[in-house]
Amino acid sequence: MATTGIDLSDTEFWGLPLADRAAAFAELRALERPAFFAEPETPFSEKGPGFYALVRYADVVEASRNPEVFCSGKGATNIPDLPVEFSEYFGSMINMDDPRHARLRRIVSRAFTPRMIAKFEDDVRQAAAAIVTDLMEIGPCDFVRHVAARLPLKIICDMMGIGDDQFEMVLANSNIILSGADPEFLSEDLDEAVTRLLGAGQALAELVTDLAARDTDDHLVSALVTANIDGEQLTSAELASFFILLVVAGNETTRTALSHALILLTEFPEERALLLADLDGRIDGAVEEIVRFSSPVIFMRRTLTRDYSMNGQDYREGDKVVLYYNSANRDETVFADPDRFDIARSPNPQIGFGAAGPHFCLGAHLARRELTVMLRELLTRVPDIAVAGEPDRLLSSFVNGIKRLPCEFRT
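Reference entry: report on the structure contained in this document. Quantities reported herein were computed from a predicted structural model and do not represent experimental measurements.

1. Structural notes on the overall build of the protein
Regarding its fold elements, the protein presents 15 helices and 11 strands. Taking 2.2 N^0.38 as the reference for a compact globule, 411 residues should give roughly 22 Å; the C-alpha atoms of the protein span a radius of gyration of 21 Å, in line with that estimate. Viewed in the frame of its principal axes, the protein has a C-alpha envelope of about 55 × 50 × 40 Å. Within the protein, contacts between residues separated by at least 24 positions form 72% of all contacts whose residues are at least 6 apart in sequence. For the protein, the accessible surface area stands at approximately 17,600 Å², while carbon and sulfur atoms represent 51% of it. Taking the average place of the 40 positive charges on the side chains of the protein and the average place of its 65 negative ones, the gap between the two points comes to 4 Å.

2. Describing the pairing of strand β2 (residues 51–54)
Going residue by residue along β2, you find F51 and A53 tucked away on one face and Y52 and L54 tucked away on the opposite face as well. Bridge analysis of strand β1 (residues 36–37) against β2 gives two bridges, and the strand direction is antiparallel. Each bridged residue has a counterpart across the sheet, and for F37 the counterpart in β2 is F51.

3. Some thoughts on the packing of aromatic side chains
Under the defined criterion, the tally for this structure stands at 17 aromatic pairs. Where Y52 meets Y315, the ring centres are 5.1 Å apart and the plane angle is 85 degrees; that geometry is what we call edge-to-face. Remark: Y315 occurs in strand β6 (residues 313–315) and Y52 occurs in strand β2; sequence separation between them is 263 residues. The pair Y52 / Y315 is uniform in exposure class, with both members buried. Ring geometry for F299 and Y324: centres 6.1 Å apart, planes at 55 degrees, overall tilted. Taken together, the positions of F299 in strand β4 (residues 299–304) and Y324 in strand β7 (residues 320–324) put the pair 25 residues apart, joining distant regions of the chain.

4. With respect to the nonpolar core
L8, F143, M160, F243, Y324, M374 and I385 are the most contacted members of the largest nonpolar core, which totals 140 residues. By residue number, the principal contributor to this core is helix α11 (residues 236–267), which donates 16 residues. Those residues in contact with L8 that lie beyond four places of it in its chain are F13, W14, F25, L28, F37, F51, A53 and Y324.

5. Describing the layout of surface pockets
What the second largest pocket holds in volume is close to 550 Å³. Taken together, the elements giving at least two residues each to the lining of the second largest pocket come down to α1 (18–30), α11, α13 (279–294) and α14 (325–328). In the lining of the second largest pocket, the residues fall into 12 nonpolar, eight polar and seven charged.

6. Overview of empty space enclosed by the protein
The gaps left among the atoms become clear once a water-sized probe is rolled over them. One pass over the structure, following the stated rule, counts three cavities of 30 Å³ or more. Reported here for the largest cavity is a volume of approximately 50 Å³. Taken together, F143, L258, A261, L262, L265, L375, L378, L379 and I385 make up the full set of residues lining the largest cavity. Going through the elements one at a time, α11 and α15 (364–381) are the ones with two or more residues in the lining of the largest cavity. Ranked by the residues each element gives to the lining of the largest cavity, the list is headed by α11, at four residues. Looking at side-chain class alone, the lining of the largest cavity contains nine nonpolar, no polar and no charged residues. What the second largest cavity holds in volume is close to 40 Å³. What lines the second largest cavity is L28, L31, R33, P34, A53, V55, R56 and D59.

7. Some thoughts on the pairing of β4
For β4, the tally of buried residues reaches six of six residues, placing the bulk of the element in the interior. The alternating pattern of β4 places F299, R301 and T303 and M300, R302 and L304 on opposite faces, both of which are buried. Pairing analysis gives two bridges linking strand β3 (residues 70–71) to β4, with the strands arranged antiparallel. Residue pairing in the sheet places C71 in a bridge with T303 of β4. Where β4 lies against β7, five bridges are found, and the strand directions are antiparallel. Counterpart to M300 in the pairing with β7 is L323.

Definitions and limits used
- Residues numbered from 1 in each chain as written.
- Predicted model: local features only at pLDDT ≥ 70, side-chain atom pairs only at ≥ 80, totals over all residues.
- Heavy atoms only, no water.
- Helix = DSSP H or I, 4+ residues; strand = E, 2+ residues; numbered from the N terminus.
- Rg over C-alpha atoms; globule rule 2.2 N^0.38 Å.
- Contact = heavy atoms within 4.5 Å.
- Areas by Shrake-Rupley, 256 points an atom, 1.4 Å probe, with all protein chains shown as cover.
- Lys, Arg positive; Asp, Glu negative; His and termini not counted.
- Charge placed at Lys NZ, Arg CZ, Asp CG, Glu CD.
- Buried < 20%, exposed > 50% of the residue type's maximum accessible area, 1.4 Å probe, protein only.
- Pairing = 2+ DSSP bridges.
- Phe/Tyr/Trp six-rings, centres within 6.5 Å; stacked < 30°, edge-to-face > 60°.
- Core = buried A, V, L, I, M, F, W, Y, C linked by side-chain atoms within 4.5 Å.
- 1 Å grid on protein atoms, 1.4 Å probe; cavity = no way out; pocket = protein on both sides within 12 Å on 5 of 7 lines; lining within 4 Å.
- Points joined across faces, edges and corners; volume = space filled by probe spheres on them.
- Nonpolar A, V, L, I, M, F, W, Y, C, P; charged D, E, K, R; others polar.

Take a look at the structure:
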């Protein structure tokens, strides 16, 4: 990549302003073939052979739809190879292939019944109303702490039967697990980093074990424990790893999208005005555009199971490819004027929840509901809320996170 000066494995790249990163990915999309990069340094494994960056929409979609060629079982959430047990512990079925992936997804999907989803939606409305009431009493503050992080955490904890006294513990440990290269959460010292990461996973695993031991059928943990497909149930290890995935992914992605939503509605006042003029009619389109523009999860990795040709590039068995959703969501061949935030964009085939395929986000429906309800509550009761300073961004190549975001509004 000496010709472009872009290095997706360099931690410094992920500390650049978002506009600079978007421009870099535009350069990569313009190349004749996918660029190849050396792998990032990591304290958890030996440096691997490198990877191809899939930055075009068509390539990401094709790889997602062909899991028999582009497998996840060798690691989807990390570019370097990590021990299988490590990957599955922190990534559950994201880091699995069929038939194990299909079995686990069948079991956990039974816990997301229409009755459960309806209950979740009632909880979202009540939680959003309470959060905005608190916000109005507090006044200008850190939007992430008081709004964006609170809603998904409240919903996940309520779903699981986790008490309010455990909220901060769950948030702190999910932050560690998705800390990326951010020194605020994970030490650069190898031993300390491993200890903190494994400790965070263990704390959440112990929490779900305690929850599973309770005699109640009111919460999702009970539904997961008792879910039975053709005589198969979750093992205790599968329950723990799926719980970690649900807590971490269910919290972080919605929090990130909500934080970006406030930034976008501040930076594009004409779009805010358009949305406020017809909130019910335009809120769904706004949510899709927020997810497209922010792409909370930046990438997933796949590994070739056999030789394969795609878009003029010949891949070999064992090659690694990284699916960059943030870049695919800005592909000029799919999205007109992709760097413009446009809540009326139609069609908007964004793939912020992943492209169609067996690994499409299981929680996409709930995430959309959380975003819709929270934005409606905010913009109805605090319509002038806006960003009041620079966001403090997470240093990560995996999550487009925001750690702190000052907001202001008339009280």
